[in-house]
Amino acid sequence: MRQPRQGHGAPRRAGQISAGLTALRTIASRWLATLALLSLATVHASAQEPPSAAPHVEQAFALPTPPGATTGAAYLTLSIAKGDAVLTGASTPMAATVELHSMQVTQERMQMHRIEQLAISSDAPLTMAPGGGPHLMLIGLTQPLIAGDRLPLTLHFLARPDTSLEVSIKDYAEMMSLSE
């Protein structure tokens, strides 16, 4: 009976395993180095962004709601000094949900549509105003919006920090005098 040679296959397998482990270590170290470089590039890019690149909010207001109403609207103008930004939504503790909406009147009928995001660029500020176009729809109000009060609001942006502000609730008469 023939006996197998001792140790003949073991060194070859050990060498293959060792080579495989070396290859895995090389891949892992390259992957970690790439990940480290990407994270440094992200930190460097965000450190380079000037504070003026944040969206600027102007003319923010909401209109009072009638008694018992559970929805309301807020309006504002967003501009940015350089580059662009994308508004993805908003939130307030005074409503269950805040949605971005677009409103238009066609054939004497108002149509409102929810939209996912709104673009802002240094060339084209975003203006929300009563009577048509984009606005923030406040749904599930926890209390009425009363002229003279303030509405806490947080705006959410794509790849930018949130912006928190206090929105004035303006009387209809005050708004009419501003538009004249």
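Calculation rules
By convention here, each chain's residues receive numbers from 1 onward along its written sequence. Given that the model is predicted, a residue must reach a pLDDT of at least 70 before its local features are reported, and side-chain atom pairs must reach 80 or more before they are shown or counted; all residues, however, enter totals for whole chains, interfaces and linings. Each side-chain value is derived from all of the structure's non-hydrogen atoms; neither hydrogens nor water enter the calculation. Put simply, DSSP marks the helices as runs of H or I at least four residues long and the strands as runs of E at least two long, and each gets a number from the N terminus on. For the exposure calls, accessible area comes from a 1.4 Å probe over protein chains only, and a residue counts as buried if that area is under 20% of its type's maximum, exposed if over 50%, partly exposed in between. Between two residues, a contact is recorded if the distance between any of their heavy atoms is within 4.5 Å. A pair is scored as a salt bridge if a Lys or Arg side-chain nitrogen falls within 4 Å of a carboxyl oxygen belonging to Asp or Glu. One confidence number per residue, pLDDT, is output by the predictor and ranges from 0 to 100. N or O atoms within 3.5 Å of each other form a polar contact, as long as, within protein, one can give a hydrogen and the other can take it, and as long as residues adjacent in sequence are counted only when both atoms are side-chain atoms. At least two bridges found by DSSP between two strands are what make those strands a pair. Throughout this description, the term nonpolar core refers to a set of buried Ala, Val, Leu, Ile, Met, Phe, Trp, Tyr and Cys residues connected via side-chain atoms within 4.5 Å.

Colleague: Give a detailed account of the overall build of the chain, specifying residues and quantitative values.
Modeller: Tallying secondary structure elements over the chain gives 2 helices and 10 strands in all. In the chain, the order of α-helices and β-strands from amino to carboxyl end is α-β-β-β-β-β-β-β-β-β-β-α. Counting every position in the chain, which comprises 180 residues, the buried fraction comes to 28%. Sequence-distant contacts in the chain: of pairs separated by 6 or more residues, those separated by 24 or more amount to 65%.

Colleague: Help me get a handle on the pattern of salt bridges, residues and values and all.
Modeller: Applying the stated criterion across every chain, the model contains 2 salt bridges. Glu99 is the salt-bridge partner of Arg114, the closest N and O atoms lying 3.8 Å from each other. Placement of Arg114 in strand 5 (residues 109-115) and of Glu99 in strand 4 (residues 95-106) is noted, with a sequence separation of 15 residues between them. Residue Arg114 is classed as exposed on the basis of its relative accessible area, which comes to 53%. We classify Glu99 as buried; its relative accessible area is 18%. Put simply, Glu166 and Arg150 hold a salt bridge, and the shortest N to O gap is 3.9 Å. Of this pair, Glu166 sits in strand 10 (residues 160-169) while Arg150 sits in strand 9 (residues 150-157), and the two are 16 residues apart along the sequence.

Colleague: I'd like to hear about the confidence of the model for the chain, residue by residue, with values.
Modeller: Of the residues in the chain, 67% have a pLDDT of 70 or more, and the chain-wide mean is 78. Of all the helices and strands in the chain, helix 1 (residues 10-48) carries the lowest mean pLDDT, 48, while strand 9 carries the highest, 96. In the predicted structure, residues 31-52 sits below a pLDDT of 50 and forms 2 contacts with residues beyond four places in sequence or in another chain.

Colleague: Can you tell me about unusual backbone geometry, naming the residues and giving the values?
Modeller: For Gln59, which is not glycine, the phi torsion reads 50° and is therefore positive. Residue placement: Gln59 occurs in strand 1 (residues 56-62). Owing to a relative accessible area of 61%, Gln59 belongs among the exposed residues under this scheme. With a phi angle near 60°, Ala159 is a residue other than glycine that sits in the positive phi range. Topologically, Ala159 is positioned in the loop between strand 9 and strand 10. Overall, the relative accessible area of 78% leaves Ala159 in the exposed class.

Colleague: Which residues make up the side chain of Thr154, and what values do they have?
Modeller: In this structure, Thr154 sits in strand 9. Of the polar contacts made by the side chain of Thr154, one reaches the side chain of Ser164; its length is 3.2 Å. The residues touching Thr154, leaving out its near neighbours within four places in the chain, are Gly89, Ala90, Ser91, Asp162, Thr163 and Ser164.

Colleague: If you had to explain the pairing of strand 8 (residues 133-141) to someone new, which residues and values would you point to?
Modeller: Two elements, strand 2 (residues 71-79) and strand 8, share 4 bridges in a ladder whose sense is antiparallel. For Ala74, the partnering residue across the bridge sits in strand 8 and is Leu136. As paired strands, strand 4 and strand 8 are joined by 8 bridges and run antiparallel to one another. The residue bridging His101 from the neighbouring strand is His135, located in strand 8.

Colleague: I'd like a rundown of the environment of Phe157, residues and numbers included.
Modeller: Checked against the element boundaries, Phe157 lands in strand 9. In this structure, the C-alpha to C-alpha distance between Phe157 and Leu87, residues 70 residues apart in sequence, is 4.5 Å. Residues in contact with Phe157, not counting those within four places in the same chain, are Pro55, Leu78, Ala85, Val86, Leu87, Thr88, Ile120, Asp162 and Thr163.

Colleague: Please give an account of the nonpolar core that cites residues and values.
Modeller: If you look at soluble globular proteins, the nonpolar side chains tend to sit buried side by side. The biggest cluster of nonpolar side chains holds 32 residues, and the ones touching the most others in it are Leu87, Leu136 and Leu155. Secondary structure elements with two or more residues in this core: strand 1, strand 2, strand 3 (84-91), strand 4, strand 6 (118-121), strand 8, strand 9 and strand 10. When residues of this core are assigned to their parent elements, the largest contribution, 5 residues, is made by strand 2. Excluding residues within four positions of it along the chain, Leu87 makes contact with Leu78, Leu100, Glu116, Gln117, Leu118, Ile120, Leu126, Met128, Leu155, His156 and Phe157.

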